[in-house]
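This is what each chain is made of:
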Amino acid sequence: MKNIFDIRTDMDFVAACLETFRFQYDNVEIYRKFVDYLKINPENVDEVAKIPFLPIEMFKNHQILDKNVFTDLYFQSSGTTQMNLSKHFIADTDLYENSIYRSFEQFIGKPEDFIFLGLLPSYLEKQNSSLIYMVDFLMKKSDKPENGYFLYNHEDLFKLLNELKDKKVILFGVSFALLDFLDFCSSNSQTLKPSNSLTVIETGGMKGRKEEMTKDELLKILQEGFKTDKIYSEYSMTELLSQAYSLGENLYQCPNWMRVLVRNVEDPFSYEKEGRTGAINIIDLANIHSCSFIATQDLGKIMEDKFQVLGRIDHSDIRGCSLLVS
């Protein structure tokens, strides 16, 4: 399991999945209880399709952690103080950082080659954000003096982006904050200079902050406003230690140690064919010390070797989900 970054073939991946399943059944108490509750004999799990996926809601009420390790480091999901927030306890930061680096290098390039800017106000204002940890790590590897975060100081960000238009810049931004920045530019009659070196990576995050729009609409607005065709997207969450990236067209690619399956929203034990919409299940083999098999509340579909995210499941307590959680 420690060699997940050496996975090259489907056979390697399947073998690693089955080994990880057995390890987590033996060593992660909540996952073992979940599998037993479903009356699944782990000895009969001999293919990926038979592996039970833990509902992501479990991270809100339980510590999902390998019994052989102790850690007080955890990431916490965003939300209001009134909400019951997910916690993902992290036993191996080296593993997480390795996953961050290798995913970024595979899809974007070497972090050392870029300047990193962050427009992530809602995450900076909260503690224990996995997204902030990731961007901090990339900034550390980059070690560029221009690296930095911007809360609501849009004027400073505007000036810096224009000054750096000929340098390789990555701007990580939560969706509503990127739109707020463009609204600032428009209201002040300021236009960014076109740049072939700027890459904007939006990380989602619109609910309750801006009028809802499709991903395609968002990407078009960002392309026009930031004067670059390189509008990418990053897909991850508190409960995962790996990231998928979209380099356009809302089609995400997973690193070799991560996969997406699409389950039927009414029957969590059956899977949709390619091109059909369902709920997203994620295999993240970097989650060695928690759970690598997560049933999310996101809707999506598989398109050849990529996947598309289409939104959230309405009423997350529909029969398929409540069956797993109850």
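Residues numbered from 1 in each chain as written. Predicted model: local features only at pLDDT ≥ 70, side-chain atom pairs only at ≥ 80, totals over all residues. Heavy atoms only, no water.

A.B. asks: Go over unusual backbone geometry, please, and point to the residues and values.
C.D. replies: Here Lys 227, not a glycine, exhibits a phi torsion of approximately 60°, which is positive. By secondary structure assignment, the location of Lys 227 is in the loop between helix H9 (215-226) and strand E8 (231-235). Phi at Glu 249 is positive, roughly 65°, even though this residue is not glycine. Relative to the assigned elements, Glu 249 resides in the loop between strand E9 (244-246) and strand E10 (252-253). By relative accessible area, Glu 249 is classed as exposed at 63%. (Helix = DSSP H or I, 4+ residues; strand = E, 2+ residues; numbered from the N terminus. Buried < 20%, exposed > 50% of the residue type's maximum accessible area, 1.4 Å probe, protein only.)

A.B. asks: Any chance you could break down the packing of aromatic side chains for me, citing the residues and the numbers?
C.D. replies: Evaluated as defined, the whole model comprises 20 aromatic pairs. Relative to Tyr 133, the ring of Tyr 96 lies with its centre 5.4 Å away and its plane at 35°, an arrangement referred to as tilted. One end of the pair, Tyr 96, is in helix H4 (residues 93-107); the other, Tyr 133, is in helix H6 (residues 130-142), and 37 residues separate them in sequence. Judged by centre distance (5.6 Å) and plane angle (20°), the rings of Phe 181 and Phe 226 are stacked. Placement of Phe 181 in helix H8 (residues 175-187) and of Phe 226 in helix H9 is noted, with a sequence separation of 45 residues between them. Taken together, the aromatic side chains of Phe 21, Tyr 25, Tyr 31, Phe 34, Phe 53 and Phe 293 make up a single cluster linked through ring pairs. Over the aromatic face of Phe 13 sits the side chain of Arg 259, whose NZ or CZ is 4.0 Å from the ring centroid. (Phe/Tyr/Trp six-rings, centres within 6.5 Å; stacked < 30°, edge-to-face > 60°. Lys NZ or Arg CZ within 6 Å of the ring centre and 35° of its normal.)

A.B. asks: Residue-level account of the pairing of strand E14 (residues 306-312), with values.
C.D. replies: Working note: regular strand, side chains alternate between the two faces of the sheet. Here strand E13 (residues 293-303) pairs with E14 via 6 bridges, running antiparallel. For Leu 299, the partnering residue across the bridge sits in E14 and is Gly 311. Counting the residues between successive antiparallel strands, the hairpin from E13 to E14 contains 2 residues, one of them, Glu 304, with a positive phi of roughly 55°. (Pairing = 2+ DSSP bridges.)

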